[in-house]
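Tertiary structure, described
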Amino acid sequence: MEIKLWLNGKLIKDEVEPDTPMLEYLRSKGCYSVKRGCETSNCGLCTVWLEGKPILSCTMPLMRADGKHITTLEGLQDEAKEFGGFMADEGADQCGFCNIGFIMNVLAMPRELENPTDDEIKEYLAGNLCRCTGYMSQMRAIKRYIAFKQGAEQGGESNEG
Amino acid sequence: MIDMLRCNEYIFAESLEQAYELNQKKNNKIIAGNAWVKMGSKQWGKAIDLSRLGLDRIEETEEEFIIGAMTPLREIEKHAGLNDYTSGAIYESVRHIVGTQFRNTVTVGGSIYGRFGFSDVLTIFLALDSYVELYKGGIIPLKEYALMPYDRDILVNLRVKRTALRVAYDSFRNQSTDFPVLTCATSLAGDRLRVAIGARPSKARLVEVEYDRDRLDQVIDSFNFGTNMRASAEYRKHLAMVLLTRTIDKITDDIRE
């Protein structure tokens, strides 16, 4: 079947099998950040954005993205690198396997929630499972990142060291 | 072998009539959020996609909410009108379902059509004055639809009347984001009490009685509870009384306020 979509801002026209999973398709296009974890739509590892909203690429049929925009971590390099610095500072990056889906959802959060509370952060990210960190270090990283972004918006200092 | 939708063709329905015609073949399948269908191993003939029929939105009128079958769960979770009408019970019913990405992916229609035993969505809407709009079958009460066998009609909309009522929702999970051990939605319209209990572990059922705070145990006795890997029947029955009491407390507190 013919499909036309924008992947990280780049228009792609392709011929695909009708049941091609979105996740496998994205990897075939070089987006190796997108990974398959749980097989049951539960772990959040495969999170990408469809029309700017986080979805599960293991579940959403690729064909439903026809005519739409998909964003993967490869399309958010600068933001991901910025937030990754906060994760590293807080030891929130251990085995690293869940990082990609987690970062995709963290970066989606401020686009939807303004000044989220701790409970709102936890609820927004409940679908991103991590078996290393216990989430405390991730929470610290998120809160420092949000504070940094708010400071930057108000003309504050950048995150150096 | 990975879990995925398997089909020979993928069809974007251009009309409900076309979708209905395609859906009459047992080898074809309507795809909603795909979270459940992808878990199977069946090779479908045609996957029928309703996403271009404008069924992904919530319409609000003075009499009712009309929720398109392809509306993601995340949209009812955030919908101000629905949550104002239900005092946040809609939000409470879906916020524990896996995660934001999942709720952006799966749909109201998929949940209601599936009539899954674990469904929070079926439970909350059973306690409201809800109706399903079927393409051929017309508009029928959700409580009837919940008992009907699966057929090949198309679920177009879920309609929720703005009946004057108070409603509350509660559920219990052994672990965050897991399937619920038990779900409970309770509404009170005048002295008419509607109690929907799901994940028993079978699908949600509705019981309607005249409200009597001293006879809640009789309400619970009218439900059957079963045992599975998450909980025993006895535990579920105990939980049911706890959740029913909590939801009643919430509703009656609302009234006092």
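This report concerns the structure included in the present document. (Residues numbered from 1 in each chain as written. Chains lettered and ligands numbered in written order. Predicted model: local features only at pLDDT ≥ 70, side-chain atom pairs only at ≥ 80, totals over all residues. Heavy atoms only, no water.)

Glancing now at the overall build of chain B. Looking only at helices and strands, chain B features ten helices and twelve strands. Relative to the 2.2 N^0.38 estimate, which gives 18 Å for 257 residues, the radius of gyration of chain B is 18 Å and therefore close to what a compact globule would have. Counting contacts in chain B only where the partners sit at least 6 residues apart, residues at least 24 apart contribute 60% of the total. In the form shown here, chain B has an accessible surface area of approximately 11,000 Å², with 49% of it arising from carbon and sulfur atoms. Of the charged side chains in chain B, 35 are positive and 36 negative, and the gap between their average positions amounts to 6 Å. (Helix = DSSP H or I, 4+ residues; strand = E, 2+ residues; numbered from the N terminus. Rg over C-alpha atoms; globule rule 2.2 N^0.38 Å. Contact = heavy atoms within 4.5 Å. Areas by Shrake-Rupley, 256 points an atom, 1.4 Å probe, with all protein chains shown as cover. Lys, Arg positive; Asp, Glu negative; His and termini not counted. Charge placed at Lys NZ, Arg CZ, Asp CG, Glu CD.)

Secondary structure summary: chain A contains five helices and five strands in total. In sequence order, chain A lays out its α and β elements as β-β-α-β-β-β-α-α-α-α. Considered along the principal axes of its C-alpha atoms, chain A spans approximately 50 × 35 × 25 Å. Out of the 161 residues belonging to chain A, those deemed buried represent 50%. Here the contacts in chain A between residues at least 6 apart in sequence split such that 56% fall between residues at least 24 apart. When the accessible surface of chain A is split by element, carbon and sulfur atoms take 49% of a total near 7,700 Å². A gap of 2 Å separates the mean positions of the 18 positive and 25 negative side-chain charges of chain A. (Buried < 20%, exposed > 50% of the residue type's maximum accessible area, 1.4 Å probe, protein only.)

Residue and element names in this part refer to chain B. Sheet architecture is open: three strands sit in the order β1-β3-β2, paired in parallel fashion. Edge positions in the sheet fall to β1 (7–12) and β2 (29–31), since each has one partner strand and no second. Across the sheet, the mean angle from the axis of one strand to that of its neighbour is 30°, orientation sign disregarded. The sheet strands contacting helix α1 (residues 16–23) are β1, β2 and β3 (44–49), and the helix crosses β3 at an angle near 160°. (Pairing = 2+ DSSP bridges. Axes fitted to C-alpha atoms, helices over the stretch in contact; angles between N-to-C directions.)

Residue and element names in this part refer to chain B. The four strands lie next to each other as β9-β10-β11-β12, forming an open sheet whose pairing is antiparallel. The two strands at the open ends of the sheet, each matched to only one other strand, are β9 (166–172) and β12 (205–210). Adjacent strand axes in the sheet meet at a mean angle of 15°, parallel and antiparallel pairs treated alike. Here seven bridges tie β9 to strand β10 (residues 182–189), and the two strands are oriented antiparallel to one another. Looking at β10, one finds that D170 is bridged to C184. The sheet contacts of helix α7 (residues 120–127) involve β9, β10, β11 (192–198) and β12, and relative to β10 the element is tilted by about 15°.

Scanning all chains against the criterion turns up 32 salt bridges over all chains. Two residues, E112 of chain A and R74 of chain B, come together in a salt bridge whose shortest N-O distance is 2.6 Å. Linking E112 of chain A in helix α3 (residues 99–112) with R74 of chain B in helix α2 (residues 73–78), this pair reaches from one chain into another. Its relative accessible area of 28% is what places E112 of chain A among the partly exposed residues. Residue class for R74 of chain B comes out buried when judged on its relative accessible area of 6%. The closest approach of N and O atoms between D120 of chain B and R173 of chain B, which form a salt bridge, is 2.8 Å. With D120 of chain B in helix α7 and R173 of chain B in the loop between β9 and β10, this residue pair connects regions lying 53 residues apart in the sequence. Overall, the relative accessible area of 3% leaves D120 of chain B in the buried class. (Salt bridge = Lys/Arg side-chain N within 4 Å of Asp/Glu carboxyl O.)

Take the interface of chain B and chain A next. Listed per partner, the contact involves 37 residues of chain B and 31 residues of chain A. Each partner contributes to the roughly 2,700 Å² buried at the junction of chain B and chain A, and carbon and sulfur atoms together form 49% of this total. Where chain B packs against chain A, one counts six salt bridges. Only β1, α2 and α5 (100–105) of chain B provide two or more residues apiece to the side of chain B that touches chain A. (Buried area = accessible area lost by both parts, 1.4 Å probe.)

Below, the discussion takes up helix α2 (residues 77–89) of chain A. All names here are of chain A. A rise of 1.5 Å per residue sets the reference length of α2, with its 13 residues, at 18 Å; its end C-alpha atoms lie 18 Å apart and thus fit the reference within 8%. Among all positions in α2, only A80, F83, F86 and M87 are buried. Along the long axis of α2, the arc covered by the buried residues comes to 120°, so they all point the same way. Among the exposed residues of α2, those pointing more than 90 degrees away from its buried face are D78, K81 and A88. Of the surrounding elements, those touching the buried residues of α2 are α3 and α5 (136–153). In the stretch just after α2, G91 is the one whose phi turns positive, near 65°. (Expected span 1.5 Å × (residues − 1). Arc of directions from axis to C-beta.)

Moving on to the packing of α2 of chain A against α5 of chain A. All names here are of chain A. It is at 8 Å that the axes of α2 and α5 come closest, and there the two elements cross at 130°. Taken together, the axis directions place α2 and α5 in an arrangement best described as oblique. Here α2 runs over α5; the crossing is right-handed. For the pair α2 and α5, contact is made by E79, E82, F83, F86, M87 and D89 and by A141, I142, R144, Y145, F148 and K149, respectively. A per-class count over the contact of α2 with α5 returns seven nonpolar, no polar and five charged. (Parallel < 35°, antiparallel > 145°, perpendicular 65-115°, else oblique. Left-handed = near helix turned anticlockwise from the far one by under 90°. Nonpolar A, V, L, I, M, F, W, Y, C, P; charged D, E, K, R; others polar.)

Another point: the nonpolar core. By size, the foremost hydrophobic cluster in this structure holds 71 residues, and its most contacted members are I76, I112 and F125 of chain B. Once residues within four sequence positions are removed from consideration, F125 of chain B is found in contact with I67, I76, I90, I112, S130, L142, L158 and V160 of chain B. Judged by nonpolar contacts, the second largest core, of 25 residues, contains W49, A92, A141 and I146 of chain A. (Core = buried A, V, L, I, M, F, W, Y, C linked by side-chain atoms within 4.5 Å.)

With that settled, the discussion passes to the side chain of T20 of chain A. All names here are of chain A. Looking at the secondary structure, you find T20 in the loop between β2 (10–15) and α1 (22–28). Relative accessible area serves as the criterion here: at 17%, T20 is assigned to the buried category. A polar atom in the side chain of T20 sits 2.8 Å from the backbone oxygen of E17. (Polar contact = N/O pair within 3.5 Å; in protein donor to acceptor, adjacent residues only side chain to side chain.)

For the rest of this paragraph, the subject is a nonpolar patch on the surface. Together, W36, M39 and F179 of chain B make up an exposed nonpolar region whose accessible area comes to about 300 Å². Take W36 of chain B: it is sitting in the loop between β2 and β3. (Patch = residues over 30% accessible without salt bridge, like charges linked within 9 Å, V, L, I, M, F, W, Y side chains within 5 Å.)

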